[in-house]
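Chains, contacts and geometry: an overview
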Amino acid sequence: MAKKLLIIMVNTDPKNGPELGAPFFQATVAAAMDYEVEVILTASAGELAKKGVAEKLYVKPGSPKSVYDFIKDAHEAGVQFKVCTPTLDLWGDDLIPEIGETVGGAYVIEQAMDEDVVTFTY
C-alpha cells in the first residue's frame, strides 16, 4: 500500500472557489490519517501560493473560511506545500509561508512514478 499522497494542483482555476475545497480538504484528511502528504501548486493553481490571493477566495459565497484558511489547516495537519519553479515566473516569489520548497518538473515526475506514492491531480 502507498505511504504518500501527492496532490498536484495544475488545472484548478483559482478564481472558481468550489474547485478549491476538495484538494485541500482531502490533503488534510490524509495527513490526519498519518499519510505523508504533499501538495504541489503549479501553472494557474500556482497563483494560490502568492501572498494575498488565497485569503480573498472562498469555496462558497458567505463562508467565514477562506481558501487560505483551508491551506493553513492542511499545513497544521502536516501537509507539505511546494511550488514548481516555472510558477514563480508566472506569479512572482512573494509566497505564503506554508510553501516549504520550490521544486522542478523532474521532482514531480519522479514522485508521480514512485510505486509508494498515489497521485491526485486537480
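Scroll up for the structure.
Anyway, here's the lowdown on the structure attached to this text. (Residues numbered from 1 in each chain as written. Predicted model: local features only at pLDDT ≥ 70, side-chain atom pairs only at ≥ 80, totals over all residues. Heavy atoms only, no water.)

What follows deals with the overall build of the protein. Looking only at helices and strands, one finds four helices and five strands in the protein. The secondary structure elements of the protein, listed N-terminal to C-terminal, are β-α-β-α-β-α-β-α-β. The C-alpha atoms of the protein give 13 Å as radius of gyration, which agrees with the globular expectation for 122 residues (14 Å, within 12%). Considering only C-alpha atoms, the protein reaches an extent of 40 × 35 × 20 Å along its principal axes. Buried residues in the protein amount to 44% of all 122 residues. When contacts within the protein are restricted to residue pairs at least 6 apart in sequence, those whose partners lie at least 24 apart make up 69%. Surface summary for the protein: the accessible area is close to 6,500 Å², and the carbon and sulfur share equals 55%. For the protein, the separation between the mean place of its 10 positive charges and that of its 19 negative charges on side chains is 6 Å. (Helix = DSSP H or I, 4+ residues; strand = E, 2+ residues; numbered from the N terminus. Rg over C-alpha atoms; globule rule 2.2 N^0.38 Å. Buried < 20%, exposed > 50% of the residue type's maximum accessible area, 1.4 Å probe, protein only. Contact = heavy atoms within 4.5 Å. Areas by Shrake-Rupley, 256 points an atom, 1.4 Å probe, with all protein chains shown as cover. Lys, Arg positive; Asp, Glu negative; His and termini not counted. Charge placed at Lys NZ, Arg CZ, Asp CG, Glu CD.)

Bringing the nonpolar core into the picture now. By size, the foremost hydrophobic cluster in this structure holds 28 residues, and its most contacted members are M9, F24, V39 and L48. Residue assignment for this core shows that the elements contributing at least two residues are β1 (4-9), α1 (21-32), β2 (36-41), α2 (67-76) and β3 (80-84). Of all the elements, α2 adds the most residues to this core, at five residues. Counting eight residues, the second-largest nonpolar core is a separate cluster that includes I40, Y107, V108 and V117. (Core = buried A, V, L, I, M, F, W, Y, C linked by side-chain atoms within 4.5 Å.)

Turning next to α1. Since the α-helix advances by 3.6 residues per turn, residues separated by three or four positions end up pointing in the same direction. The end-to-end C-alpha distance of α1, which contains twelve residues, comes to 17 Å, matching closely the 16 Å that a straight helix rising 1.5 Å per residue would cover. Inspection of α1 places G21, P23, F24, A27, A30 and A31 among the buried residues, and these make up the whole buried set. Looking at the buried side of α1, the elements it contacts are β1, β2, α2 and β3. (Expected span 1.5 Å × (residues − 1).)

Okay, a negative patch on the surface next. A contiguous patch of negative charge on the surface is contributed by E110, D114, E115 and D116. Its place among the elements puts E115 in the loop between α4 (105-113) and β5 (117-121). The class of E115 is exposed, set by a relative accessible area of 74%. (Patch = residues over 30% accessible without salt bridge, like charges linked within 9 Å, V, L, I, M, F, W, Y side chains within 5 Å. Salt bridge = Lys/Arg side-chain N within 4 Å of Asp/Glu carboxyl O.)

With that out of the way, let us pick up the side chain of K82. By secondary structure assignment, the location of K82 is in strand β3. At a separation of 3.1 Å, a polar atom in the side chain of K82 contacts the side chain of E101. (Polar contact = N/O pair within 3.5 Å; in protein donor to acceptor, adjacent residues only side chain to side chain.)

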